[in-house]
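# Structural overview for review
These are the residues of each chain, in order.
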Amino acid sequence: MIGSKVRLDPSQTGQEADALRARLRKYVIGQDEAVAEIVNIYQMHLIGMTAPGRPVGNLLLIGPTGSGKTRIVEATAEALVGNASAVVKVDCAEFQHSHEIAKLIGSPPGYLGHRETHPLLSQENLDRHHTEHCTVSFVLFDEIEKASDALWNLLLGILDKASLTLGDNRRVDFSRAMIFLTGNLGAAEMSAILSPKMGFYAGGPPHRNGDADGSITGKISAAAMHAARRKFTPEFLNRLDKIVVFKPLGEAELKNILEIELAVVQQRIHQSQAYTPFTLGLTARAKDILLQEGTDPRYGARHLKRAIDRMLVHPLANIMATHQVRCGDLVRVDVEEGTGHLVFLREAGNAPTGDAPSSPIAPLAAVCAAREAGACEATNQGAGAE
Ligand SMILES: Nc1ncnc2c1ncn2[C@@H]1O[C@H](COP(=O)(O)OP(=O)(O)OP(=O)(O)O)[C@@H](O)[C@H]1O
Ligand SMILES: [Mg+2]
């Protein structure tokens, strides 16, 4: 309190924006600036402060490959309308010629195939995933640096006036859409910063010793911004609310992403056709091996996901297909002495003990009970009794 004046706190956000921030941080690791921008524009939208006749927000996301640019768009849709696929995605590289542009906006009446074309950017498509609580649409233009001139013109109109005219002259209103644009600008420069010695990562993101002052992140950011300014016209840049440069993912981030991905694998096991819900438990050593194999700064989390697929998911699929596990088992994944390979050990029973599984998704006993009616038995005949 200063005299009779009360000092206000503009940094506070409302409950719904807080909830969005919490969920985005759970899904997307290490990209707090991007999270903050999305929360900002959502807060503006909720309170009705977005400029009239403009989209909810126009964000350009750039930065290294596999750092979460596309993921954060899906995560925003997941957090707000409960569906990560509720994103209208335009892969700009695919729309170079006029007949391809027709896939986006439809062809004028009278043109061959006019009735059969269902334009991707129709109002219906945009509003398809609205819910009672959220009427925001999510539109993603991927790799915009590859957009043709015709697509650029459409894009500029959408960003500026929140409006698009379809081939049959209907207008599409983008004033309730969050527009995300992603680009792979400066990829070569970023790759050189991330692996200056042809594949050897000399530095590291801020929390590693090699980059304690955050200089790698700073250099990446400068390279990406420079590339954006060189590539895009001021006319385009002026229409953006913000350019967000994604940070390269370091050891700590990849560790968190590994946990997220392991939870996804566990979920896939529970939903699998093989019908043998079991719990996966990785020892700390097994996780270390996955991280070791899955770390390549040039490819971010993509490399980690490939390592998880190769070293964990493929072998598990074989184990499941050959009925080596049964409903309720614990499959512990450890590292074999000597070879350093992952080994898969089955421990029978419903109640895993000891080294806790990394990410049990649902009480397994309940899943098994629900499937009791012989289904597990039928599909597990080959598992054999011990
Ligand atoms: N920061 C992150 N947090 C959580 N998961 C991530 C993150 N970055 C990447 N991933 C995981 O890696 C996958 C690939 O990342 P994503 O598609 O977002 O990369 P990108 O930055 O869009 O790369 P590109 O420039 O090649 O399109 C995601 O689906 C997600 O599973
Ligand atoms: Mg992407």
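Scoring rules and cut-offs
- Residues numbered from 1 in each chain as written.
- Chains lettered and ligands numbered in written order.
- Predicted model: local features only at pLDDT ≥ 70, side-chain atom pairs only at ≥ 80, totals over all residues.
- Helix = DSSP H or I, 4+ residues; strand = E, 2+ residues; numbered from the N terminus.
- Buried ≥ 20, exposed ≤ 12 C-beta atoms within 10 Å, placed from the backbone.
- Contact = placed C-beta atoms within 7 Å.
- Near = placed C-beta within 6 Å.
- Domains from an automatic or database assignment.
- Pairing = 2+ DSSP bridges.
- Axes fitted to C-alpha atoms, helices over the stretch in contact; angles between N-to-C directions.
- pLDDT = per-residue confidence, 0-100.
- Expected span 1.5 Å × (residues − 1).
- Arc of directions from axis to C-beta.
- Parallel < 35°, antiparallel > 145°, perpendicular 65-115°, else oblique.
- Left-handed = near helix turned anticlockwise from the far one by under 90°.
- Nonpolar A, V, L, I, M, F, W, Y, C, P; charged D, E, K, R; others polar.

## What to know about the overall build of the protein chain
- Along its length, the protein chain carries 14 helices and 10 strands.
- In the protein chain, which comprises 386 residues, the proportion classed as buried is 37%.
- Counting only contacts in the protein chain whose residues sit at least 6 apart along the sequence, the fraction spanning at least 24 positions is 73%.

## Examining the site of ligand 1
- In the vicinity of ligand 1 there are 19 residues, among which Thr 65, Gly 68, Thr 70, Arg 71 and Ala 301 approach most closely.
- Of all the secondary-structure elements, those providing two or more residues to the shell around ligand 1 are α3 (69–81), α10 (251–271) and α12 (300–321).
- A total of 4 residues in the shell around ligand 1 trace back to one element, the largest contributor, which is α12.
- Taken together, domain 1 (15–248) and domain 2 (252–383) each give at least three residues to the shell around ligand 1, which thus spans both.

## Some words on the sheet that holds strand β8 (residues 279–282)
- If you walk across this open sheet you meet the 3 strands as β8-β9-β10, and the pairing is mixed. What marks the edges here is a single partner per strand, and that holds for β8 and β10 (342–347). Direction aside, neighbouring strands of the sheet carry axes that sit 25 degrees apart on average.
- Bridge count for strand β9 (residues 330–335) against β10 is 6 bridges, and the pairing is antiparallel. Note on β10: the bridge partner recorded for Val 331 is Arg 346.

## Quick notes on the confidence of the model for the protein chain
- Looking at the protein chain, the pLDDT average stands at 85 and 82% of residues meet or exceed 70.
- Ignoring residues within four places in sequence, the model shows residues 351–362, a span with pLDDT below 50, making 29 contacts including any to other chains.
- Below a pLDDT of 50 lies the segment residues 375–386, which in the model reaches 22 contacts outside its immediate sequence neighbourhood of four places, other chains included.

## A look at the environment of Asp 309
- Its place among the elements puts Asp 309 in helix α12.
- What makes Asp 309 partly exposed here is the crowd of 14 C-beta atoms within 10 Å.
- In this structure the C-alpha to C-alpha distance between Asp 309 and Val 265, which are 44 residues apart in sequence, comes to 9.2 Å.

## What about helix α8 (residues 215–231)?
- Compared with the 24 Å implied by 1.5 Å per residue over 17 residues, the 24 Å span of α8 between its first and last C-alpha is a close match.
- Buried residues of α8: Ile 216, Thr 217, Ile 220, Ser 221, Ala 223, Ala 224, Ala 227 and Ala 228, and no others. All buried residues of α8 project into a common sector of 165 degrees when viewed along the axis, lining one side. Those residues of α8 that are exposed and aimed more than 90 degrees away from the buried face are Arg 229 and Arg 230.
- Residues of α8 that are buried sit in contact with β1 (57–62), α7 (187–194) and β7 (242–245).

## Observations regarding the sheet that holds strand β2 (residues 88–91)
- Overall, parallel pairing links the 5 strands, which are arranged β2-β3-β6-β1-β7 in an open sheet. With one partner strand each, in any of the chains shown, β2 and β7 form the two edges of the open sheet. In this sheet, neighbouring strand axes are inclined to one another by 20 degrees on average, regardless of whether the strands run parallel or antiparallel.

## Some remarks on the packing of helix α1 (residues 15–27) against α3
- As a packed pair, α1 and α3 sit with axes 9 Å apart at the nearest point and diverge in direction by 135 degrees. When the axis of α1 is compared with that of α3, the two are oblique. Remark: the crossing between α1 and α3 carries right-handed chirality. Contacts between α1 and α3 involve Leu 20, Arg 23, Leu 24 and Tyr 27 on the former and, on the latter, Ile 72, Ala 75, Thr 76, Glu 78, Ala 79 and Leu 80.
- For the contact of α1 with α3, the per-class residue count stands at 7 nonpolar, 1 polar and 2 charged.

## A few points about the pairing of strand β6 (residues 177–183)
- In terms of burial, β6 is a largely internal element, 7 of the 7 residues being buried.
- Covered by surrounding structure in β6 are Ala 177, Ile 179, Leu 181 and Gly 183 together with Met 178, Phe 180 and Thr 182, the residues of both alternating faces.
- As paired elements, β1 and β6 share 6 bridges and run parallel to each other. Among the inter-strand pairings, Leu 61 is bridged to a residue of β6, identified as Thr 182.
- With 5 bridges connecting them, strand β3 (residues 137–142) and β6 associate as parallel partners. Residue pairing for β6: Val 139 is matched across the bridge by Ile 179.

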